[in-house]
Number of protein chains: 2
Amino acid sequence: MTQPPWQPITPAKPTRTPKEPLNRERIVDAAMRVLVESGYDAVSMRKVAQALGTGPASLYAHVANKRELDQLLVERAAAQMRFDEPVDPARWQEQLKAMMREMLRAMRANPGVARAAIGAVPLGERALMSTERMLTLLKAGNIPDQAAAWAVDLIPLYVTAVAFEETVQSATDWKPEDVERFISGLRSYFESLPADRFPLTVALSGVLTSGAAGDERFEFGIAVIVAGLASLAEKN
Amino acid sequence: MTQPPWQPITPAKPTRTPKEPLNRERIVDAAMRVLVESGYDAVSMRKVAQALGTGPASLYAHVANKRELDQLLVERAAAQMRFDEPVDPARWQEQLKAMMREMLRAMRANPGVARAAIGAVPLGERALMSTERMLTLLKAGNIPDQAAAWAVDLIPLYVTAVAFEETVQSATDWKPEDVERFISGLRSYFESLPADRFPLTVALSGVLTSGAAGDERFEFGIAVIVAGLASLAEKN
DNA sequence: TTCGATAGTAGAACAGTGTTCGTCAACGAA
DNA sequence: TTCGTTGACGAACACTGTTCTACTATCGAA
């Protein structure tokens, strides 16, 4: 609208479009999106803030620091575990292994979160349900109380370490052929060692470098751990 | 020497005091000093360069990047492992556990290096000696070839995860009383859970939160792994 | 209705990181 | 003597976590 020349045009005050207020849940939601889309290395305070249309300093009214945000990510990833099969005491070893596979699946669904998970103690509802289920299975196998309790620490630690190792490898941006070349170079290296000093390393160079792709090594690890736990069973 | 007044004194050209040339070994030496004195978080390209009296860009003529420097640190830490006791096939389980304790000791002597160790494959001489020794002990226990080979992966992974977890805790700058308070708060939390939904978690809250200080949990873990491996022994 | 307190927002700044760029000096071969 | 190579290293780039400071909106008391 044209103004009379003697009346200066008063610029309209810029009003902030009201935004949905920040809270921890929205911050973790945004961080999860960044994590799933771009991996853990991309989860920075700036990137999360950007995803929320704000500045990084805004987050600090809701989370103490980056480490606390990491904890919340770990809890959220832990919350994705599903243990739908009813507990069957007769199949406690098989079901314990199934839990370990499910833990690994949940970590793989959140690339790199394993890096934040070691040392974290998830205490959310779903994590507690996981703890209770592990205890139930272990007691079904007659594992003594203390052993059962400490197995609840050992089991996720091993799974997290495997997931962590995988993220280190994928962070290298290696193609399958790069991995193949590395593995085959490793084998050649083992074969070329002086057989007098490293007889078994040379002799077993084939199996030392097999099973790196796929889940065979993970399956081996969980079999060893479960067998070790089974050996602790009290005889009735 | 006094100059004739008509000959201006030529100022001496500032010559760089010749420095000992950089090489990978000196760079790793400096990084190890920073690691031992200040922990892994302090090991940055700038700090290492500073310790060498140079700039960070100088390091890149000798190491590709920070990750490669980390690898070299892991190798150097692995080189500190000592296995002086002769192999005794009759005591293969005990000696395997002793190796795991020694691996943990070497990692604790280099605070935080576990953070760089997961996903790293140390291939230095001392690491290979460790591999050979593990294989010797496992074969002494009649473990099949493939199981022995994959155990060589599982064993250090578990030890490294334990060491990593410890560095997360110490990075929090917690005093023993802080840990005590956290543990006791955790126990109270477990005790306060609804016993109908988490009966075993509530019942075992004592042991769930015991053994966090000291090496009991680590000893439990290595016992489980060694027992699991022993269960794979071929019968003769 | 007014005013002060509080909480949250968010740009700017601080102190740090890994890495690359561009320049310079030293050195050895031609 | 000249030239190419190699290593050294300050500056710069793009990023990080976190704090400082100023501002705005909301709320409750007077």
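Residues numbered from 1 in each chain as written. Chains lettered and ligands numbered in written order. Predicted model: local features only at pLDDT ≥ 70, side-chain atom pairs only at ≥ 80, totals over all residues. Heavy atoms only, no water.

- You'll find chain A entered in an unreviewed UniProt entry as TetR family transcriptional regulator, with Kribbella rubisoli given as the organism.

1. A word on the protein's contact with DNA strand C
Alright, step 1. Around DNA strand C, the surrounding shell holds 17 residues, and the nearest of these are T54(A), A57(A), H62(A), R46(B) and K66(B).
Alright, step 2. Among all atoms of DNA strand C positioned within 4 Å of the protein, those belonging to sugar or phosphate total 50%.
Alright, step 3. Contact distances for DNA strand C include 2.7 Å between a phosphate oxygen and a side-chain N or O atom of H62(A).
Alright, step 4. The contact in question runs from a phosphate oxygen of DNA strand C to an N or O atom on the side chain of Y60(B), over 3.2 Å.
Alright, step 5. When its residues are assigned to classes, the surface near DNA strand C shows 7 nonpolar, 6 polar and 4 charged. (Near = heavy atom within 4 Å. Polar contact = N/O pair within 3.5 Å; in protein donor to acceptor, adjacent residues only side chain to side chain. Nonpolar A, V, L, I, M, F, W, Y, C, P; charged D, E, K, R; others polar.)

2. Some words on the packing of helix α8 (residues 145-171) of chain B against helix α12 (residues 216-230) of chain B
A pair of packed helices is characterised by two quantities: the angle between their axes and the separation of those axes.
All names here are of chain B.
Alright, step 1. Viewed as axis vectors pointing N to C, α8 and α12 meet at an angle of 170°, and their least axial separation amounts to 11 Å. By the angle class used here, α8 and α12 are roughly antiparallel. Contacts between α8 and α12 involve A151, L154, I155, Y158, V159 and V162 on the former and, on the latter, R217, F218, G221, I222, I225 and L229.
Alright, step 2. Among the residues forming the contact of α8 with α12, the class breakdown is 10 nonpolar, 1 polar and 1 charged. (Axes fitted to C-alpha atoms, helices over the stretch in contact; angles between N-to-C directions. Helix = DSSP H or I, 4+ residues; strand = E, 2+ residues; numbered from the N terminus. Parallel < 35°, antiparallel > 145°, perpendicular 65-115°, else oblique. Contact = heavy atoms within 4.5 Å.)

3. A short note on the relation of the copies chain A and chain B
Copy one and copy two of the chain differ by a rotation about an axis and a translation along that axis.
Alright, step 1. Superposing chain A onto chain B requires a rotation of 180° together with a translation of 0.0 Å along the rotation axis, leaving an RMSD of 0.0 Å. Such a combination of turn and shift is consistent with a two-fold rotation axis. Scanning chain A for the C-alpha nearest the rotation axis identifies G228(A), at a separation of 1.8 Å.
Alright, step 2. Looking at the interface residues of chain A, 98% of them are also at the interface in chain B, so both copies use one shared face. (Least-squares fit on C-alpha atoms with pLDDT ≥ 70 in both.)

4. So, the domain arrangement of chain A
Residue and element names in this part refer to chain A.
Alright, step 1. Domains assigned within chain A are domain 1 (24-63) and domain 2 (89-230).
Alright, step 2. Domain 1 puts 6 residues into the contact, and the matching count from domain 2 is 7 residues.
Alright, step 3. Of the roughly 510 Å² buried between domain 1 and domain 2 on both sides combined, carbon and sulfur atoms contribute 59%.
Alright, step 4. Considering only the side of domain 1, the residues that lose the most area to domain 2 are L35, Y40 and D41, jointly responsible for 74% of the buried surface there.
Alright, step 5. At the junction of domain 1 with domain 2, the criterion picks out 1 salt bridge.
Alright, step 6. Note that R115 and D41 form a salt bridge whose closest N and O atoms lie 2.4 Å from each other.
Alright, step 7. For the pair domain 1 and domain 2, the number of links is 2 residue pairs in polar contact (both at pLDDT 80 or more). (Domains from an automatic or database assignment. Buried area = accessible area lost by both parts, 1.4 Å probe. Salt bridge = Lys/Arg side-chain N within 4 Å of Asp/Glu carboxyl O.)

5. Notes on the interface of chain A and chain B
Alright, step 1. Facing the 55 residues of chain A at the interface are 54 residues of chain B.
Alright, step 2. Carbon and sulfur atoms supply 74% of the area buried between chain A and chain B, which totals about 5000 Å² over both sides.
Alright, step 3. A per-residue breakdown of the area chain A buries against chain B is headed by E132(A), W150(A) and F220(A), which together make up 14% of the total.
Alright, step 4. One can count 4 salt bridges joining chain A with chain B.
Alright, step 5. Residue D153(A) is joined to R217(B) by a salt bridge in which the shortest nitrogen-to-oxygen separation is 3.0 Å.
Alright, step 6. Taken together, the links from chain A to chain B amount to 14 residue pairs in polar contact (both at pLDDT 80 or more).
Alright, step 7. Among the secondary structure elements, those contributing two or more residues to the side of chain A that touches chain B are α7 (125-140), α8 (145-171), α9 (176-191), α10 (199-203), α11 (205-208) and α12 (216-230) of chain A.

6. A look at the UniProt feature "domain: HTH tetR-type" (unreviewed entry) in chain A
Alright, step 1. The UniProt record annotates "domain: HTH tetR-type" (unreviewed entry) at residues 21-81 of chain A.
Alright, step 2. The distance separating the terminal C-alpha atoms of residues 21-81 of chain A is 29 Å; by composition the span is 64% helix and 0% strand. (UniProt positions renumbered as here; feature names shortened; annotations may be inferred.)

7. Remarks on the pattern of salt bridges
Alright, step 1. A complete count under the given rule lists 34 salt bridges over all chains for this structure.
Alright, step 2. A salt bridge links K66(B) to D70(B); the shortest N-O distance between them is 3.3 Å. A residue pair is termed a helical-turn pair when its members lie 3 or 4 positions apart in one helix, as K66(B) and D70(B) do in helix α4 (residues 66-78) at 4 residues.
Alright, step 3. By relative accessible area, which is 25% here, K66(B) ends up partly exposed.
Alright, step 4. For D70(B), a relative accessible area of 10% puts it in the buried group.
Alright, step 5. Taking the shortest distance from any N to any O, the salt bridge between R108(B) and E166(B) comes out at 2.6 Å. Residue R108(B) is located in helix α5 (residues 92-108), and its partner E166(B) is located in helix α8; the two are separated by 58 residues in the primary sequence.
Alright, step 6. With relative accessibility at 38%, the residue R108(B) sits in the partly exposed group.
Alright, step 7. What emerges from the salt-bridge pattern is a single network uniting E94(A), K97(A), R101(A) and E219(A). (Buried < 20%, exposed > 50% of the residue type's maximum accessible area, 1.4 Å probe, protein only.)

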